[in-house]
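Overview (structure and organization)
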Amino acid sequence: MTVTDPVTTQAGLGFELGEELSLIQDEAKKFADDVLLPLATKHDREERIGDDVYRQIGDLGFWGLTIPEEYGGAGFGNVALAVVLEELNRACAATGVAVSVHNSLLCAPLMKFGTDEQKQRWLPQLASGEVIGAYSLSEAGSGSDAAALAATATRDGDGWVLNGTKLWVTSGDRAGLFLIYVRTNPDVPKAKGITAFLVPGDAPGLKVGKHEKKTGIRGSATVEIILDGVRLTDSDILGEVDRGFPVAMDTLAGGRIGIASQAVGIGQACLDASVKYAMEREQFGKPIGHFQAVQHKIADMSARLEASRLLVRKAAWMRDAGMEVNRQSSEAKMLASQAANFCADETVQIHGGAGYTDHFHVERLFRDARITEIYEGATDIQRLVIARSLLK
Ligand SMILES: Cc1cc2nc3c(=O)[nH]c(=O)nc-3n(C[C@H](O)[C@H](O)[C@H](O)COP(=O)(O)OP(=O)(O)OC[C@H]3O[C@@H](n4cnc5c(N)ncnc54)[C@H](O)[C@@H]3O)c2cc1C
């Protein structure tokens, strides 16, 4: 399958998804409603996503959605990924982030910067979901200031030895392949001495450390990764030695479109729940949706979500067209994550006391929405990226 009609048409600007993308959206919607939604509370309470869900995502081809057909993928681009991620996250954000990280933070840089040998070795397994991908940039002392990372790779004969502790690794408990950033040259300005390594999940010396207890997206494992003398070769380097930081930044520009899609999905779930509850719940002898104050909340949620969705799809389309998207992906992530949190807050309010209990899934949405303003660059870092791209 190839993408023939993303968001724009040859005649000019258009907003229809086209036949192929509509089909993909329908598949994602059906899976989200039939499989993920009934399991989302279980994922949240058990802090785990079952193997069967991972398998079904593979059957649908979503692990390989953006991988070319020659490697066993579906050959779609970022617009399709945004559409699918919105649907999955509408039902279960813990599952959605795993698919986003796998496609945007591992498969995308591997396709863009990888050698033929690296692609042959990894992409078919990533496309089927046999191997799940993880991205490991952050450490205890380096979050927003990602270039301050301290883990190292040192030369040892022909190879490299990796040491250090990475933090906050999404899907790190089950990943078969990690993209790990380490310092290879301490004698140059900090962003210029970092290298990206493709590290197999079963590499001797790579250990999974503590699992974080989180406010939301609890089904998604967030773990510490300990590198204790992990031996790798030059063939495991993604891109060039000491040139890993630009790989990290370019990758995050794409990843932010994924998180923005997640935010739109969570926000949509909040809007859907609000509309339903506003029609059902009666006070003062009528449905609360008849009160103007509640109508205003619903109108504001809808407008902010629709604006966010358009920004997300435009950024995705630009990335597919090979354009620079630093500003657009940050704008999409900033506004969509703020919209998700606005919607989450309003939906709890609309549900009243029941919204503050586990009688309704809106309390989970409220917790899940919060992370979208933090990971892959906190909101103030998105502002920084946007302003920097304008104030040149
Ligand atoms: C659930 C979860 C999953 C994650 N998954 C991954 C993953 O898979 N891989 C990975 O590498 N990382 C991951 N992260 C890490 C995540 O990307 C970082 O938490 C994020 O980048 C923020 O870094 P920090 O937590 O160190 O906050 P800090 O950098 O300490 O920031 C704290 C606050 O200070 C503000 N701030 C910092 N610098 C500035 C500045 N210059 N101007 C204005 N404000 C500023 C920030 O906006 C923020 O509000 C994950 C985090 C979480 C919580």
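The next point concerns the packing of helix H1 (residues 19–46) against helix H2 (residues 51–60). Relative to each other, H1 and H2 sit at 175°, their axes nearing to 12 Å. Of the possible angle classes, the one that applies to H1 and H2 is roughly antiparallel. Where H1 abuts H2, its residues Glu27, Phe31, Val35 and Leu39 lie against Val53, Gln56 and Leu60. Split into classes, the residues belonging to the contact of H1 with H2 amount to five nonpolar, one polar and one charged.

A separate point is the domain arrangement of the chain. When cut into domains, the chain gives domain 1 (19–131), domain 2 (135–242) and domain 3 (246–390). The distance between the C-alpha centroids of domain 1 and domain 2 comes to 23 Å. Contacts between the two partners involve 23 residues from domain 1, matched on the other side by 14 residues from domain 2. Those elements that provide at least two residues to the side of domain 1 that touches domain 2 are H1, helix H4 (93–113) and helix H5 (116–128). Among the elements that line the side of domain 1 that touches domain 2, the one with the most residues is H4, at eleven residues. When its residues are assigned to classes, the side of domain 1 that touches domain 2 shows 15 nonpolar, four polar and four charged.

Now for the packing of helix H3 (residues 78–91) against helix H6 (residues 244–280). Axis angle and axis distance: for two packed helices, these are the angle between their axes and the distance between the axes, and together they describe the pair. Their axes nearest at 7 Å, the elements H3 and H6 cross at an angle of 35°. Here H3 and H6 pass one another in a crossing that is right-handed. Mapping the contact onto sequence places Asn78, Leu81, Ala82, Leu85, Glu86, Glu87, Leu88, Asn89 and Arg90 in H3 and Gly254, Ile257, Gly258, Ser261, Gln262, Val264, Gly265, Ile266, Gln268 and Ala269 in H6.

This paragraph deals with the site of the ligand. Taken together, 21 residues sit near the ligand, with Gly143, Ser144, Trp168, Thr170 and Ala378 positioned nearest. Put simply, the parts of the chain that give the shell around the ligand at least two residues each are strand E1 (133–136), strand E3 (159–170) and helix H10 (379–390). For the shell around the ligand, the per-class residue count stands at eleven nonpolar, seven polar and three charged. Built from parts of two domains, the shell around the ligand gets at least three residues from each of domain 2 (135–242) and domain 3 (246–390).

Turning our attention to the pairing of strand E4 (residues 177–183). For E4, the tally of buried residues reaches seven of seven residues, placing the bulk of the element in the interior. Neither face of E4 is exposed, since Leu177, Leu179, Tyr181 and Arg183 on one face and Phe178, Ile180 and Val182 on the opposite face are all buried. The sheet contact formed by E1 and E4 spans four bridges and is parallel. Its bridge partner being in E4, alanine 134 is matched across the sheet by phenylalanine 178. For E4 and strand E5 (residues 194–200), the ladder comprises seven bridges, and the chain directions are antiparallel. The residue of E5 that forms the bridge with phenylalanine 178 is valine 199.

How each quantity is defined
- Residues numbered from 1 in each chain as written.
- Predicted model: local features only at pLDDT ≥ 70, side-chain atom pairs only at ≥ 80, totals over all residues.
- Axes fitted to C-alpha atoms, helices over the stretch in contact; angles between N-to-C directions.
- Helix = DSSP H or I, 4+ residues; strand = E, 2+ residues; numbered from the N terminus.
- Parallel < 35°, antiparallel > 145°, perpendicular 65-115°, else oblique.
- Contact = placed C-beta atoms within 7 Å.
- Nonpolar A, V, L, I, M, F, W, Y, C, P; charged D, E, K, R; others polar.
- Domains from an automatic or database assignment.
- Left-handed = near helix turned anticlockwise from the far one by under 90°.
- Near = placed C-beta within 6 Å.
- Buried ≥ 20, exposed ≤ 12 C-beta atoms within 10 Å, placed from the backbone.
- Pairing = 2+ DSSP bridges.

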